[in-house]
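# Inside the fold
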Amino acid sequence: MTTQRYLLTTRGKAAHSGLAPEEGISAILAMMHVLQGVLQLDRDGQRVSIEAVRGGMRPNVIAPECQAWIRVDAAGTGEIDAFHAALKSVQPVVPGASLDVEVASDAAPVLDGDRQQAGLPVSAMASEPRSASAHDTFQPVSGRIRLGSGRDPVVLQDAVLTSAWAGELGAYLASQEAEMLAVLMELARLETPSSQPETQRPAFDLLARELAKAGYNATWWPGRRAGGMLLAYPGTRPRHAPVQLLLGHCDTVWPVGTLEAMPVHVHDGRLSGPGVFDMKAGLVQTLFALRALAALGLRPPATPVLLVNSDEEIGSGESTRTIERLARIACRAFVMEPALGSAGKLKTARKGVGQFRLRLASDQATDNALGAEMVRLIRAIFDLNDLSRGITLNVGLVTAGATTGPMREAELVIDARVPDFESARRVEAAVYALEPGLPSVSLETSGRVTRLPLERTARNQALWRTAQRLGGELGLALEEGAVGGGSDGNTTSQFTATLDGLGAVGDGAHALHEHVVIDAMPRRAALLALLLLSPLAE
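Structure report, in brief. (Residues numbered from 1 in each chain as written. Predicted model: local features only at pLDDT ≥ 70, side-chain atom pairs only at ≥ 80, totals over all residues. Heavy atoms only, no water.)

## A look at the packing of helix H5 (residues 177-188) against helix H14 (residues 521-533)
Stated formally: Axis definition: a line fitted to C-alpha atoms, over the contacting stretch in the case of helices. Angles run 0 to 180 degrees between N-to-C directions. Secondary structure follows DSSP: runs of H or I at least 4 residues long count as helices, runs of E at least 2 residues long count as strands, and numbering of each begins at the N terminus. Every angle not falling under 35 degrees, over 145, or within 65 to 115 is termed oblique; those three ranges are roughly parallel, roughly antiparallel and roughly perpendicular. Residue contacts follow a heavy-atom distance rule, with two residues in contact if any of their heavy atoms lie within 4.5 Å. Classification used: nonpolar for Ala, Val, Leu, Ile, Met, Phe, Trp, Tyr, Cys and Pro, charged for Asp, Glu, Lys and Arg, polar for all others including Gly.
Where H5 meets H14, the axes come as close as 9 Å, and the angle between the chain directions of the two elements is 95 degrees. By the angle between their directions, the pair H5 and H14 is classed as roughly perpendicular. Taken together, the residues of H14 that come into contact with H5 (itself represented by Glu177, Met180 and Leu184) are Met521, Pro522 and Ala525. Class assignment for the residues of the contact of H5 with H14 results in five nonpolar, no polar and one charged.

## As for the pattern of salt bridges
Keep this limit in mind: Each salt bridge in this description consists of a side-chain nitrogen of Lys or Arg and a carboxyl oxygen of Asp or Glu lying within 4 Å of one another. Burial here depends on accessible area, computed with a 1.4 Å probe over protein chains only, as a share of the maximum for the residue type. Under 20% is buried, over 50% is exposed, and the range in between is partly exposed.
Applying the stated criterion across every chain, the model contains 22 salt bridges. Across the pair Glu51 and Arg5 runs a salt bridge, and its minimum N-O distance is 3.1 Å. With Glu51 in strand E2 (residues 46-55) and Arg5 in strand E1 (residues 2-11), this residue pair connects regions lying 46 residues apart in the sequence. Neither Glu51 nor Arg5 differs from the other in exposure class; each is buried. Measuring nitrogen to oxygen at the nearest pair gives 3.0 Å for the salt bridge that ties Glu411 to Arg357. Taken together, the positions of Glu411 in strand E18 (residues 409-418) and Arg357 in strand E16 (residues 352-362) put the pair 54 residues apart, joining distant regions of the chain. When its relative accessible area of 18% is taken as the criterion, Arg357 is described as buried. Among the charged side chains, a salt-bridge network with shared partners connects Glu179, Glu186, Arg209, Glu210, Lys213 and Arg291.

## So, empty space enclosed by the protein
Counted only if it meets this: Any residue with an atom within 4 Å of a point lines the site, the site being either a cavity, points on a 1 Å grid over the protein atoms alone where a 1.4 Å probe fits but cannot get out, or a pocket, an open set with protein on both sides within 12 Å along at least 5 of 7 lines. Grid points are joined across faces, edges and corners, and a volume is the space filled by probe spheres set on the points.
With the rule as written, the count across this model stands at one cavity of 30 Å³ or more. Looking at the largest cavity, its volume works out to about 40 Å³. Lining of the largest cavity is provided by Ala188, Glu191, Thr192, Thr252, Trp254, Pro255, Pro274 and Lys280. A breakdown of the residues in the lining of the largest cavity according to their chemical character gives four nonpolar, two polar and two charged.

Nothing here speaks to function; it is geometry throughout.
Spelled out as structure tokens, the structure:
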């Protein structure tokens with residue numbers, strides 16, 4: 001008996017499964033077509049075994065590469081040669097995907113036994129202060145700007161008065177452009193990946209320092225497995241006043257060390273660097289909008305409260321409950337995620353986002369039962385896609401097999417995007433309806449649509465129209481747009497009027513060309529300041 005092992009590699013094209021699913025080519029789906037062809041080569045006298053499969057980067061990224069290790073046992077080298085020739089005829093089928101075949105000198109590697117893949121939500125638990133000593137209150141720095149600069153704060157009562165301040169706010173913030181850039185560069189040079197909670201605290205310290213200059217107190221809640229949250233509110237505020245929520249995040253998708261190859265730098269009126277667009281520039285715009293209100297002595301009709309979390313890029317698992325609680329008491333919410341496109345569109349609709357995990361196990365050690373079921377199920381999952389209706393499901397991660405020999409376990413992680421509530425429920429039902437077709441294979445399914453869609457409700461559209469009018473006062477011809485990616489605005493929209501995409505103008509979220517347009521930052525900050533001043537009944 002002669003044994004030969006092969007390493008199969010399918011390659012596709014990475015794309016964000018929510019923002020641009022049509023641009024991606026799934027190497028995982030391509031591999032399933034390849035493995036289906038490989039299994040058909042299993043016959044008497046020529047036994048083929050799938051030993052391991054791994055592929056993908058993150059659940060919400062269409063996999064650019066997938067690898068599979070297969071073993072062939074045959075009577076002799078002639079039969080192995082015949083198998084090799086037959087293997088060359090197997091095709092990945094998926095348009096644009098490619099397949100490489102090489103002889104593997106070693107057995108399939110032992111795959112990582114830790115099932116916590118990078119990029120998965122860390123917890124569904126909120127991060128709350130555990131005791132008086134478990135959270136810190138930042139002390140204001142010296143030189144704080146006093147509210148009203150020595151005069152009584154002006155409370156604007158109607159839209160005419162709010163518009164009258166557009167010019168002064170715009171001029172003040174334009175004068176702050178250089179300082180805004182300096183703060184953003186300092187913040188961007190603090191690398192803050194979601195997966196490394198210990199990196200978040202220096203960024204929170206910087207934000208607290210700058211918030212103090214606007215008369216804000218900041219309190220930090222530590223996380224259990226994430227980097228915690230920062231809650232900031234005015235040091236001087238009227239009692240029993242209504243609240244409006246400002247929402248942002250300081251975590252990024254970039255690992256520590258990215259700055260070496262992707263430094264923060266200015267060129268052609270742009271600032272480039274990891275996390276500047278998504279969404280550190282939005283945080284800086286928020287800081288300076290609040291500073292402008294303080295410097296000009298303007299008091300909004302509802303107290304602005306700012307929450308900055310550190311787990312948004314991995315699903316806001318620890319912070320969602322806190323966001324929900326704040327949204328329930330807020331009269332409106334402004335989300336400082338980056339704008340849409342070079343035109344700086346505001347985001348008035350977002351798809352709902354879900355994540356599912358499927359675990360397969362087989363009690364058969366002598367056949368390819370689990371491999372065959374994995375192939376069938378992954379293809380069935382991709383068949384649930386309906387781009388015309390805005391429904392997309394992506395198997396973003398696959399890990400199967402642990403040692404040499406037939407696979408006994410497999411795990412799939414699915415990212416789902418849906419346009420509305422009814423679609424969310426249909427997708428959940430369809431995923432949970434998936435069942436193995438062989439009695440020797442068991443299937444365990446978990447997960448759900450955790451971020452319901454941000455839809456164009458009447459109250460959200462009213463807030464958008466206010467922004468459009470106020471943008472005109474600043475010379476901004478604002479447009480609205482819909483995106484496939486989710487944010488914490490999906491959460492707030494379930495409870496209060498929400499407007500998203502108020503952050504930076506630029507491009508390259510999660511990409512090497514990430515950048516912001518510098519001279520757009522003051523006017524976007526002025527827009528936020530005007531929105532905070534706008535009457536609640538409008």
